[in-house]
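Now for the letters of each chain:
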Amino acid sequence: MSQQIAPNPLRLLAAQTQTVKPKETKMTAMTQTAPDYTAIKTKQNAAWSSGDYAKIGVTLQITGEELAEATDPTPGASVLDVAGGNGNATLAFARRWCNVTSTDYVESLLDGGRVRAEAEALNVSFQKADAEALPFEDASFDIVTSTFGVMFAPNQNKAASELTRVCRSGGKIAMANWTPESFIGALFKTLGRHVPPPAGVQSPANWGATSWVQEHFSAEAASISMKMRNFNFRYPSPRHFVDFFRTYYGPVHKAFLALDAAGQAQLEADILATIDRFNVATDGTMIVPSEYAQIVIEKR
Ligand SMILES: C[S@@+](CC[C@H](N)C(=O)[O-])C[C@H]1O[C@@H](n2cnc3c(N)ncnc32)[C@H](O)[C@@H]1O
């Protein structure tokens, strides 16, 4: 979906880019008891540790490359990849001579990133870290990045403030986040109809919505650029996608495990119907464009 352009010739961004004017952050009243984020994260960690996300992560590499380019990184820049999985954004920045610290809370995914970085002799250090409690001093990094990672942290306010805290003044926060209207947004809604998410936890796809990004980052932003892009999920067939995600993508893997045989059949049918709404292939294969927001925030 294309968005209105705020004219800004200096930015050299493509037609769908929107430069969002930072606005005052509003305080929202805390009327509900906060969810038990620790318990939720333990469960989520088990989900991301299941299957083998690395097999899917490598297919998304182009999104990390595009995001790294969008930040116009200086060689030698210090970069923190948050919820970096097996190294999508990590490798992209390291290939541009940045000094990358790659973090995630799943050790086995970091191990996968380490193997990839070693194979290319790239300058990366790896550290286990929770996106909601980053073990770094304030203003430690020139660029703080996350591709489809930090958006899954359940305490969204805390995760957003952590990204901002560890980024230096004048540095950049760069993210790729699925939008609420995207195929992956729809996939999570489908999963949620069969296996409801924990009470009080907001949709990860909020991180792809312009108003949400504005509300959570404006207070410390000099500028916010959002470009709506598509990533094409290309698979031999819709059924192959379902089998692949059921086997390797933790949240889908766990959702199927939580259901009995009848529930599993219904979930499979629902995912196939969701794919059908987005599939642009006409030869029995699957090409599903999934919209994501490519976001670059300059910290004041
Ligand atoms: C969809 S994967 C994306 C991984 C990688 N950034 C990529 O682009 O391929 C989501 C990642 O977020 C990580 N993650 C989710 N919640 C996290 C948290 N609270 N702290 C650290 N990592 C988290 C998961 O372990 C997983 O690696």
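Calculation notes
Along each chain, the written sequence defines residue order, and numbers are assigned to residues from 1. Note on the predicted model: pLDDT of at least 70 is required for a residue's local features to be given, and 80 or more for side-chain atom pairs to be given and counted; whole-chain, interface and lining totals, by contrast, use all residues. Per the convention used, a helix needs a DSSP run of H or I reaching at least four residues, while a strand needs a run of E reaching at least two, with both numbered from the N terminus. Around each residue's C-beta, the other C-beta atoms within 10 Å are counted; 20 or more make the residue buried, 12 or fewer make it exposed, and counts in between make it partly exposed. All C-beta atoms are placed from the backbone. Here, residues touch in the contact sense if the C-beta positions derived from the backbone fall within 7 Å of one another. Note on method: axes are straight lines fitted to C-alpha atoms, helices fitted across the in-contact stretch only, with angles between N-to-C directions ranging 0 to 180 degrees. When describing relative orientation, an angle under 35 degrees is termed roughly parallel and one over 145 degrees roughly antiparallel, while 65 to 115 degrees is termed roughly perpendicular and anything else oblique. Crossing chirality is assigned from the near helix's rotation relative to the far helix, an anticlockwise turn below a right angle marking it left-handed and a clockwise turn marking it right-handed. By the convention adopted, Pro, Cys, Tyr, Trp, Phe, Met, Ile, Leu, Val and Ala count as nonpolar, Lys, Arg, Asp and Glu as charged, and the other residues, Gly among them, as polar. By convention here, the C-beta atom is placed from the backbone, and a residue is near a molecule or strand when that atom is within 6 Å of it. The directions from the helix axis to the C-beta atoms are what the arc is built from. In this scheme, strands are said to pair when DSSP sees at least two bridges between them. Seen with its strands pointing away from the viewer, a crossover is right-handed if its path from the first strand over the helix to the second goes clockwise. Under the definition applied here, buried Ala, Val, Leu, Ile, Met, Phe, Trp, Tyr and Cys residues are grouped into a nonpolar core through C-beta atoms within 7 Å.

K.L.:
Could you give an account of the overall build of the protein, naming the residues involved and the relevant values?
P.N.:
When you go through the protein residue by residue, the secondary structure sums to eleven helices and eight strands. Of all 300 residues assigned to the protein, the portion counted as buried reaches 43%. Pairs at least 24 apart in sequence give 75% of the contacts found in the protein among residues at least 6 apart.

K.L.:
If you had to explain unusual backbone geometry to someone new, which residues and values would you point to?
P.N.:
The backbone of A83 sits at a positive phi, close to 55 degrees, despite the residue not being glycine. Among the structural elements, A83 can be located in the loop between β2 (78-81) and α4 (88-94). Residue classification places A83 among the buried residues on the basis of 24 C-beta atoms within 10 Å. One non-glycine residue, F148, lies in the positive phi region at around 50 degrees. F148 gets classed as buried once you count the C-beta atoms within 10 Å, which come to 26.

K.L.:
Give me the packing of helix α9 (residues 238-248) against helix α11 (residues 261-278): which residues, what numbers.
P.N.:
Between α9 and α11, whose axes approach to 10 Å, the crossing angle comes to 125 degrees. Relative to α11, the element α9 lies oblique. Relative to α11, α9 is oriented so that their crossing is right-handed. Taking contact as the criterion, the partners of P238, F241 and V242 in α9 are, on α11, E268, I271, L272 and I275. Taken together, the residues of the contact of α9 with α11 sort by class into six nonpolar, no polar and one charged.

K.L.:
So what about the site of the ligand? Which residues, and what values?
P.N.:
Taken together, 22 residues are adjacent to the ligand, and G57, A83, G85, N88 and T147 come closest. Per-element accounting of the shell around the ligand gives the leading share, three residues, to helix α1 (residues 37-49). Here the shell around the ligand is composed, by residue class, of eleven nonpolar, seven polar and four charged.

K.L.:
Got a sec to walk through α9? Specific residues and values, please.
P.N.:
Of all the positions in α9, only P238, F241, V242 and F245 are classed as buried. Along the axis of α9, the buried positions cluster into a sector of 100 degrees, meaning they face one direction only. Close packing links the buried residues of α9 with β7 (221-235), α10 (250-257), α11 and β8 (286-299).

K.L.:
Any chance you could break down the environment of Y292 for me, citing the residues and the numbers?
P.N.:
Examined against the element boundaries, Y292 turns out to sit in strand β8. Accessibility expressed as a C-beta count within 10 Å gives 30 for Y292, which makes it buried. Taking the C-alpha atoms as reference points, Y292 and A209, 83 residues apart in sequence, are found 9.4 Å from one another. Each residue touching Y292, except ones within four places of it in the same chain, is listed here: T63, A176, N177, W178, T179, S182, G208, R229 and F231.

K.L.:
Describe the pairing of strand β5 (residues 141-147), naming the residues involved and giving the relevant values.
P.N.:
Burial of β5 is extensive: seven of the seven residues sit out of reach of the surface. Across three bridges, β2 lies against β5 in parallel orientation. When the bridges of β5 are listed, D81 appears paired with T145. What joins β5 to strand β6 (residues 167-178) is helix α6 (residues 156-166), and the crossover it makes is right-handed.

K.L.:
Account for the nonpolar core, naming residues and giving values.
P.N.:
V144, V150 and L163 are the most contacted members of the largest nonpolar core, which totals 77 residues. Excluding its chain neighbours within four sequence positions, the residues that come into contact with V144 are L80, V82, L163, V166, C167 and I173.

K.L.:
Just give me the short version of the packing of α1 against α10, but keep the residues and values in it.
P.N.:
With their axes 7 Å apart at the nearest point, α1 and α10 run at an angle of 105 degrees to one another. One way to sum up the angle between α1 and α10 is to call them roughly perpendicular. For the pair formed by α1 and α10, the contact residues are A47, W48 and S49 on the first element and G250, P251 and K254 on the second. Of the residues that constitute the contact of α1 with α10, the class distribution is three nonpolar, two polar and one charged.

Taken by themselves, the reported measurements are silent on function.
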